[in-house]
Amino acid sequence: MYKLYTRPGSGGFVVEAALAMAGVPFEQIDVPKKDPPDPAFLAISPLNQVPALMLPNGHSLTESAAICILLAERHPQAGLAPEAGSPGRADFLRWMAFMSSVLYPAVLRLYYAHRYTADGEGLRPVKQAAVAEMDRGFAILDRALAGRDWLAGETLSLADIYLVMLVAWHPEVEKARAAWPNIERLWARLRENELMQKLNASHEMWA
């Protein structure tokens with residue numbers, strides 16, 4: 001059985017979605033923030049970050065995008081991603097890598113600015129630069145969604161859920177909804193999704 005280490009409002013949102021969509025049993029373990037961190041959890045997630053997924057064979061995996069890609073490969077019948085070899089699969093891999101390397105790090109710089117500067121007075125420019133990077137990345141994704149229902153392929157995939165999770169962390173959500181109408185169109189669709197509503201009830205990603 002899978003074991004998901006997570007906490008409300010974290011990147012575990014998209015991994016919970018993946019496991020639920022795959023219809024596989026899993027044990028959910030909420031990891032509270034601790035200082036100093038729990039040594040037992042550090043053995044699973046060396047950066048003390050959630051989500052982390054323990055596979056049935058005991059191997060642990062971190063990084064939400066990597067977890068999503070692996071689950072899509074392990075459970076192809078669930079349609080978590082476009083089929084391997086399809087044009088949509090290329091888009092899926094591209095945008096998952098883009099979001100995890102551009103947007104997710106910008107989110108972390110915004111909310112954990114103290115980790116990215118040794119200057120205690122320099123938090124504001126770190127946050128400003130983070131928001132600018134988020135805005136640049138979301139604008140690119142909004143253009144990618146023009147004329148499309150989904151970010152990759154012809155049906156809902158984990159890339160769409162990953163995107164919605166990230167935009168929900170924008171510090172000015174109403175501004176984001178107005179600025180990127182194609183993302184908002186996708187987000188509005190997912191806000192009506194029964195599974196997303198269930199997950200949002202526990203994660204409180206959006207109002």
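Per an unreviewed UniProt entry, the recorded name for the chain is Glutathione S-transferase, and the organism is Mesorhizobium plurifarium.

**Q** Any chance you could explain the overall build of the chain here in plain terms?
**A** Counting its regular elements, the chain contains nine helices and four strands. In the chain, the succession of α and β elements from N to C terminus is β-α-β-α-β-β-α-α-α-α-α-α-α. Its C-alpha radius of gyration of 17 Å places the chain within 12% of the 17 Å reference for a compact globule of 207 residues. Counting only C-alpha atoms and orienting by the principal axes, one finds that the chain spans roughly 50 × 45 × 30 Å. Residues classed as buried in the chain amount to 46% of the 207 residues present. Of all intrachain contacts in the chain linking residues separated by at least 6 positions in sequence, the fraction that spans at least 24 positions is 66%. Where the 20 positive side-chain charges of the chain centre and where its 23 negative ones centre are 2 Å apart.

**Q** Looking at this structure, how should I read the UniProt feature "domain: GST N-terminal" (unreviewed entry) in the chain?
**A** Annotation from UniProt places "domain: GST N-terminal" (unreviewed entry) at residues 1-79. Across residues 1-79 one finds 33% helix and 20% strand; the C-alpha atoms that close the span lie 20 Å apart.

**Q** Before we go on, may I ask you to explain the side chain of H170 in this structure?
**A** Residue position: H170 is located in the loop between α6 (158-168) and α7 (173-179). The class of H170 is buried, set by a relative accessible area of 4%. Looking at H170, its side chain comes within polar contact range of the side chain of D135, at 2.8 Å. Only 2.9 Å separates the side chain of H170 from the backbone nitrogen of E172, close enough to count as a polar contact. Here H170 is in contact with Y111, V131, M134, D135, F138, A176 and W180, once residues within four sequence places are set aside.

**Q** Can you walk me through the environment of V131 in this structure?
**A** In this structure, V131 sits in helix α5 (residues 123-144). Judged by relative accessible area, V131 falls into the buried class, the value being 17%. Considered as a pair, V131 and L158 are 27 residues apart in the sequence and their alpha carbons are 24 Å apart. When sequence neighbours within four positions are dropped, the list of residues in contact with V131 reads L110, H170 and P171.

**Q** Sorry if this is basic, but what is going on with the domain arrangement of the chain here?
**A** Interface size is commonly expressed as the accessible area that is lost once the parts come together. According to the domain assignment, the chain contains domain 1 (2-78) and domain 2 (87-193). Just the C-alpha atoms count here: the centres of domain 1 and domain 2 sit 20 Å apart. On the side of domain 2, 14 residues touch domain 1, which itself brings 15 residues to the contact. When domain 1 packs against domain 2, the two sides together hide about 1,200 Å² of surface, and 74% of this comes from carbon and sulfur. Counting across the interface, domain 1 meets domain 2 through zero salt bridges.

**Q** I keep staring at the packing of aromatic side chains and nothing clicks. Help me out?
**A** The description of two aromatic rings rests on the distance between their centres and on the angle between their planes. The tally for this structure, following the rule as stated, stands at seven aromatic pairs. Pairing Y5 with F41 gives two aromatic rings, centres 5.8 Å apart and planes at 45°, and the pair type is tilted. Of this pair, Y5 sits in strand β1 (residues 2-6) while F41 sits in helix α2 (residues 39-42); the two residues are 36 residues apart in sequence, bridging distant segments of the chain. Comparing Y5 with F41 shows no difference in burial state: the two are buried. Here the aromatic rings of F13 and W206 are separated by 5.8 Å at their centres, their planes lie at 70°, and the arrangement is edge-to-face.

**Q** Sorry if this is basic, but what is going on with helix α3 (residues 64-74) here?
**A** Within α3, burial applies to S64, A65, I67, C68, L71 and A72. Across the axial projection of α3, the buried residues extend over an arc of 160°, all falling on one side.

Definitions and limits used
By convention here, each chain's residues receive numbers from 1 onward along its written sequence. Totals for whole chains, interfaces and linings use every residue, but because this is a predicted model, local features are given only for residues with pLDDT of at least 70 and side-chain atom pairs only at 80 or more, for both listing and counting. Side-chain figures throughout are based on the complete set of non-hydrogen atoms in the structure, without hydrogens or water. Numbering of helices and strands runs from the N terminus, with a helix taken as a DSSP run of H or I at least four residues long and a strand as a DSSP run of E at least two residues long. We compute the radius of gyration from the C-alpha atoms alone; for a globule the expected value is 2.2 Å times N to the 0.38, where N is the number of residues. Throughout this description, buried means an accessible area under 20% of the type-specific maximum (1.4 Å probe, protein chains only), exposed means over 50%, and partly exposed covers the range between. Any two residues whose heavy atoms approach within 4.5 Å at even a single point are treated as in contact. Under the convention used here, Asp and Glu are negative, Lys and Arg are positive, and both His and the chain ends fall outside the count. The location of each charge is read from NZ of Lys, CZ of Arg, CG of Asp or CD of Glu. UniProt positions are given in the numbering used here, feature names are shortened, and annotations may be inferred rather than shown by experiment. Counting of polar contacts relies on pairs of N or O atoms within 3.5 Å, with two restrictions inside protein: one atom must be capable of donating a hydrogen and the other of accepting it, and residues adjacent in sequence are counted only when both atoms are side-chain atoms. Throughout, the edges of the domains are those of an automatic or database domain assignment. The term buried area refers to how much accessible surface (probe radius 1.4 Å) is lost by two components on association, counted for both of them together. A carboxyl oxygen of Asp or Glu within 4 Å of a side-chain nitrogen of Lys or Arg is what we treat as a salt bridge. Stacked, tilted and edge-to-face pairs are distinguished by plane angle, under 30 degrees for stacked and over 60 for edge-to-face with tilted covering the rest, among Phe, Tyr and Trp rings (Trp via its six-membered ring) whose centres lie within 6.5 Å. To obtain the arc, one takes the directions from the helix axis to the C-beta atoms.

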